[in-house]
Amino acid sequence: MESELDYWSAKALLEWQVELGATEAMLDAPLDRYGLAEQKPKAARGAEAVPVPPKPQKVDPVAVAQGLARAAPTLPALRAAMEGFEHCDLKHGARNLVFSDGQAGARVMIIGEAPGREEDLQGKPFVGAAGQLLDKMLAAIDLSREKNVYITNVLPWRPPQNRDPLPAEIAMLLPFLERHVALAQPDVLVLMGNIACQAVLGKRGITRLRGTWGQAWDKPALPMFHPAYLLRQAAAKRQAWADLLELKARLGALNPGASA
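Worth saying up front: this structure is predicted, and the values here are computed from it rather than measured.

> Give a detailed account of the overall build of the protein, specifying residues and quantitative values.
For the protein, the helix and strand inventory stands at eleven helices and six strands. Every one of the 260 residues in the protein was classed for burial, and the buried ones make up 37%. The long-range fraction of contacts in the protein, counting pairs at least 24 apart against all pairs at least 6 apart in sequence, stands at 73%. For the protein, the accessible area works out to roughly 16,300 Å², and carbon and sulfur atoms hold 53% of it.

What follows is the structure, encoded as structure tokens:
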């Protein structure tokens, strides 16, 4: 059995460890550092665990729009609901909400596509050159927005550079349009342009659809060329005139004793 180290042997061993770089004794007993990996570090005194915020729930813009639209009992309330709708990025780049023009409760409700520059500036649908042409078209069959026509758009905010609305934009704003029609209670709908037909009828191809009655939200719907298209394609005005006569005839057939 080995005897305990004498003073000189212990001193020699200590000096040897110093030469190897061990300059400070940290512990009184050996430490198994291989076992440290299994131990969790202790929290510092006074430190508190930082709470992890919950992940934000994904919002469905269509569902939000449906709820807001259903809750609107009047046209002014519907407009206020649309002004408070924050899930369409078009709102942040537009100057004004373009809600409607004309006479609410009129027999004819015209649905256009989306506001252009002039509509965005004035906050009214169908102004500028296209609006002036529309007024002339309506006057030819004894209609006007001042007396017996109500006008709105699929989108209330202008898309940048007048681009076509995206399918997601149409989908999230369609509940407002459907409620708009229900509150306005027209006898017939006039869908002007491809975007209006796509949103209301789920179809595109205005040259094929125009002049043929469809059905939307339990109301007869007539696709027609957009006045902006007629300004570019004057030859199509003849077909537009035929569609106007078809509209006048339908109004007479629905209620022969009433004026347009």
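> A description of empty space enclosed by the protein should follow, citing residues and the corresponding values.
Across all of its chains, the model carries one cavity of 30 Å³ or more by this definition. Estimated volume of the largest cavity: approximately 60 Å³. Met82, Val98, Phe99, Thr152, Asn153, Val154, Leu155, Pro156, Leu173, Phe176, Leu177 and His180 are the residues that line the largest cavity. When contributions to the lining of the largest cavity are tallied by element, the ones reaching two or more residues are strand S3 (149–153) and helix H7 (167–184).

> Could you give me a rundown of the nonpolar core, with the residues and numbers involved?
Formed by 62 residues in total, the largest nonpolar core has its most connected members in Ile110, Ile111, Phe176 and Leu247. Aside from chain neighbours lying at most four places away, what touches Leu247 is Ile141, Leu143, Val188, Val190, Trp213 and Leu222.

> Before we move on, can you summarise the sheet that holds strand S5 (residues 214–216) with the specific residues and values?
The strand order S1-S3-S2-S4-S6-S5 describes an open sheet built from six strands, whose pairing is mixed. Every interior strand has two partners, whereas the edge strands, strand S1 (101–102) and S5, have only one. In this structure, strand S2 (residues 108–112) lies alongside strand S4 (residues 188–192), joined through four bridges in parallel fashion. Each bridged residue has a counterpart across the sheet, and for Val108 the counterpart in S4 is Val188.

> Break down the pairing of strand S6 (residues 219–224) for me, with residues and values.
Most of S6 sits inside the fold, with six of its six residues counted as buried. Neither face of S6 is open: one carries Lys219, Ala221 and Pro223, the other Pro220, Leu222 and Met224, and all of them are buried. Across three bridges, the pairing between S5 and S6 is antiparallel. By the bridge assignment, Gly214 is partnered in S6 with Ala221. The turn linking S5 back onto S6 is made up of two residues, and Trp217 within it adopts a positive phi angle of 50°.

> How would you sum up the packing of aromatic side chains? Please name residues and give values.
Aromatic ring pairs: the centre-centre distance and the angle between the two ring planes describe each pair. For the structure shown, the criterion picks out two aromatic pairs. Their ring planes at 75° and their centres at 5.3 Å tell us that Phe85 and Phe176 sit as a pair that is edge-to-face. Separated by 91 residues along the polypeptide, Phe85 in the loop between helix H3 (75–83) and helix H4 (90–93) and Phe176 in helix H7 bring together distant segments of the chain. Assessed through its relative accessible area of 0%, Phe85 is described here as buried. Looking at Phe176, the relative accessible area reads 2%, which means it is buried. A cation over an aromatic ring shows up here: Arg250 above the ring of Trp213, its NZ or CZ 4.6 Å from the ring centre.

> Describe the packing of H3 against H7, naming the residues involved and giving the relevant values.
Look at H3 against H7: their axes get within 10 Å of each other, and the N-to-C directions meet at 170°. In terms of axis orientation, H3 runs roughly antiparallel to H7. In the packing of H3 onto H7, the handedness of the crossing is left-handed. Facing Leu75, Leu78, Ala81 and Met82 of H3, the residues of H7 in contact are Phe176, Arg179, His180, Leu183 and Ala184. Residues that form the contact of H3 with H7 fall into these classes: seven nonpolar, one polar and one charged.

> Let's hear about the pairing of S2: which residues, and what values?
Of all five residues making up S2, five are buried, and the element is well covered by its neighbours. Along S2, one buried face is formed by Val108, Ile110 and Gly112 and the opposite face, lined by Met109 and Ile111, is buried too. When S2 meets S3, the two strands line up parallel, connected through five bridges. When the sheet's bridge partners are listed, Gly112 is paired in S3 with Asn153.

The rules we used
- Residues numbered from 1 in each chain as written.
- Predicted model: local features only at pLDDT ≥ 70, side-chain atom pairs only at ≥ 80, totals over all residues.
- Heavy atoms only, no water.
- Helix = DSSP H or I, 4+ residues; strand = E, 2+ residues; numbered from the N terminus.
- Buried < 20%, exposed > 50% of the residue type's maximum accessible area, 1.4 Å probe, protein only.
- Contact = heavy atoms within 4.5 Å.
- Areas by Shrake-Rupley, 256 points an atom, 1.4 Å probe, with all protein chains shown as cover.
- 1 Å grid on protein atoms, 1.4 Å probe; cavity = no way out; pocket = protein on both sides within 12 Å on 5 of 7 lines; lining within 4 Å.
- Points joined across faces, edges and corners; volume = space filled by probe spheres on them.
- Core = buried A, V, L, I, M, F, W, Y, C linked by side-chain atoms within 4.5 Å.
- Pairing = 2+ DSSP bridges.
- Phe/Tyr/Trp six-rings, centres within 6.5 Å; stacked < 30°, edge-to-face > 60°.
- Lys NZ or Arg CZ within 6 Å of the ring centre and 35° of its normal.
- Axes fitted to C-alpha atoms, helices over the stretch in contact; angles between N-to-C directions.
- Parallel < 35°, antiparallel > 145°, perpendicular 65-115°, else oblique.
- Left-handed = near helix turned anticlockwise from the far one by under 90°.
- Nonpolar A, V, L, I, M, F, W, Y, C, P; charged D, E, K, R; others polar.

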